[in-house]
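Below, each chain spelled out in residue letters.
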Amino acid sequence: FREQPIYSTRAHVFQIDPNTKKNWVPTSKHAVTVSYFYDSTRNVYRIISLDGSKAIINSTITPNMTFTKTSQKFGQWADSRANTVYGLGFSSEHHLSKFAEKFQEFKEAARLAKEKSQEKMELTSTPSQESAGGDIQSPLTPESINGTDDERTTPEVTQNSEPRAEPTQNALPFTHSSTISKHWEAELATLKGNNAKLTAALLESTANVKQWKQQLAAYQEEAERLHKRVTELECVSSQANAVHTHKTELNQTIQELESTLKKKEEEIEGLKQEIENARELQAQRDSLTQKLQEVEIRNKDLEGQLSDLEQRLEKSQNEQEAFRNNLKIFLEILDGKIFELAELRDNLTKLIECS
């Protein structure tokens, strides 16, 4: 086999509900072995877990993956190739921290391997023959995944007594707040695009207005020149009818120019209205930006409150555990006293009978 386990631990395995994307669905009834495998041929690291003969985790580690601790005994990571989010519930915080350290270590190794592979491709100018890492390349059995040395030396515990770390709901507010932030970011990006388009249209309209003003000035100069020409013709020409006809044509031309000028003025008013709309959109974008900042601040406050509640819950659980231990000690002392009183009663009864 070209793949060998390099680190193993035991944990309860969960996957995110594909329908709601919020709730966790357990994929193992009890704690199972979760192992890191290394493929020396393809220089690939994978996380694999089997429940009997069924592979419930088959995740190839990539440089863009992140393992997140959502509580003291629960962690999760997203696998885009498998289109799911995996969750692991450990029996102790130590096992969770160890698994997270290994995840970071192998993630860095995968990044270095990817960089080396890219450098090799650039040097050799040959296409990569790496196959998809999401498929199981070697046959695996439950016996092929061994536990760590610490777990092999630890005595086995029964299924009922094995502690099971349930997934907390920490990821829910985080997912919800992340969804809101993405929504506002999308809205902001849309507004920025619209603002850019309106700005370009405004610049183009401003250039058109300048051009129309120049045309208008030219038309006015032409009209004045025509009026002067009409006056000159009326004074100079002896042919009144011809001058009158030419004057009528010039008047029609002037009317057409005035009509064109009126249309241009209406277009200028429309452009002004578009500028006002662009300003309103700019104000809306600023308002949405402020709301997004407020949402981010509120998310940070919620995360702080959530952390405080977790600390208080842990403190309460520790106090309850201490109270149970004290109560057990007291019950043991009470049982001893009752036993001594029973012996004393028996001795007194014997003395009475003997006397």
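For clarity, every value in this text was computed on a predicted model and none was experimentally measured.

Q: Give me the nonpolar core: which residues, what numbers.
A: General note: in soluble globular proteins, nonpolar side chains tend to be found buried as a group. Counting residues in hydrophobic clusters, the biggest one holds 22 residues, and the most contacted among them are Val34, Tyr36, Ile47, Ile57, Trp77, Leu88 and Phe99. Where this core is concerned, the elements lending two or more residues are strand 1 (3-16), strand 3 (32-39), strand 4 (44-51), strand 5 (54-60), strand 8 (84-89) and helix 1 (93-124). Among the elements that make up this core, the one with the highest residue count is helix 1 (five residues). In this structure tyrosine 36 touches Gln4, Pro5, Ile6, Tyr7, Arg46, Ile47, Ile61, Phe99, Lys102, Phe103 and Phe106, once residues within four positions along its chain are discounted.

Q: Could you give an account of the packing of aromatic side chains, with specific residues and numbers?
A: With the rule as written, the count across this model stands at 14 aromatic pairs. Note on tyrosine 7 and tyrosine 36: the rings are 6.2 Å apart at their centroids and 40° apart in plane angle, and the pair reads as tilted. One end of the pair, tyrosine 7, is in strand 1; the other, tyrosine 36, is in strand 3, with 29 residues separating them in the sequence. Note on tyrosine 7: relative accessible area 12%, which makes it buried. Exposure remark for tyrosine 36: the relative accessible area of 0% places this residue in the buried category. Seen in terms of ring centroids, tryptophan 77 and phenylalanine 99 are 6.3 Å apart; in terms of plane orientation they differ by 35°. Their pairing is tilted. Of the two residues, tryptophan 77 sits in strand 7 (residues 74-79) while phenylalanine 99 sits in helix 1, which places them 22 residues apart along the sequence. Considered together, tryptophan 77 and phenylalanine 99 belong to a single accessibility category, that of buried residues. An aromatic cluster of at least three residues, connected via ring pairs, comprises Tyr7, Tyr36, Tyr38, Tyr45, Phe67, Trp77, Tyr86, Phe90, Phe99, Phe103 and Phe106.

Q: Give me the lowdown on the environment of histidine 95, citing residues and values where you can.
A: Here histidine 95 is to be found in helix 1. Linking histidine 95 and lysine 73, residues 22 residues apart in sequence, is a C-alpha distance of 8.1 Å.

Q: Summarise a negative patch on the surface; cite the residues concerned and give the values.
A: A cluster of like negative charges, contributed by Glu265, Glu266, Glu267 and Glu269, occupies part of the molecular surface. Tracing the chain through its elements places glutamate 267 in helix 4 (residues 240-354). Looking at glutamate 267, the relative accessible area reads 36%, which means it is partly exposed.

Q: Just give me the short version of the side chain of serine 28, but keep the residues and values in it.
A: By the secondary structure assignment, serine 28 is in the loop between strand 2 (24-26) and strand 3. Exposure remark for serine 28: the relative accessible area of 4% places this residue in the buried category.

Thresholds applied
- Residues numbered from 1 in each chain as written.
- Predicted model: local features only at pLDDT ≥ 70, side-chain atom pairs only at ≥ 80, totals over all residues.
- Heavy atoms only, no water.
- Core = buried A, V, L, I, M, F, W, Y, C linked by side-chain atoms within 4.5 Å.
- Buried < 20%, exposed > 50% of the residue type's maximum accessible area, 1.4 Å probe, protein only.
- Helix = DSSP H or I, 4+ residues; strand = E, 2+ residues; numbered from the N terminus.
- Contact = heavy atoms within 4.5 Å.
- Phe/Tyr/Trp six-rings, centres within 6.5 Å; stacked < 30°, edge-to-face > 60°.
- Patch = residues over 30% accessible without salt bridge, like charges linked within 9 Å, V, L, I, M, F, W, Y side chains within 5 Å.
- Areas by Shrake-Rupley, 256 points an atom, 1.4 Å probe, with all protein chains shown as cover.
- Salt bridge = Lys/Arg side-chain N within 4 Å of Asp/Glu carboxyl O.
- Lys, Arg positive; Asp, Glu negative; His and termini not counted.
- Charge placed at Lys NZ, Arg CZ, Asp CG, Glu CD.

Purely geometric numbers; function is a separate question.
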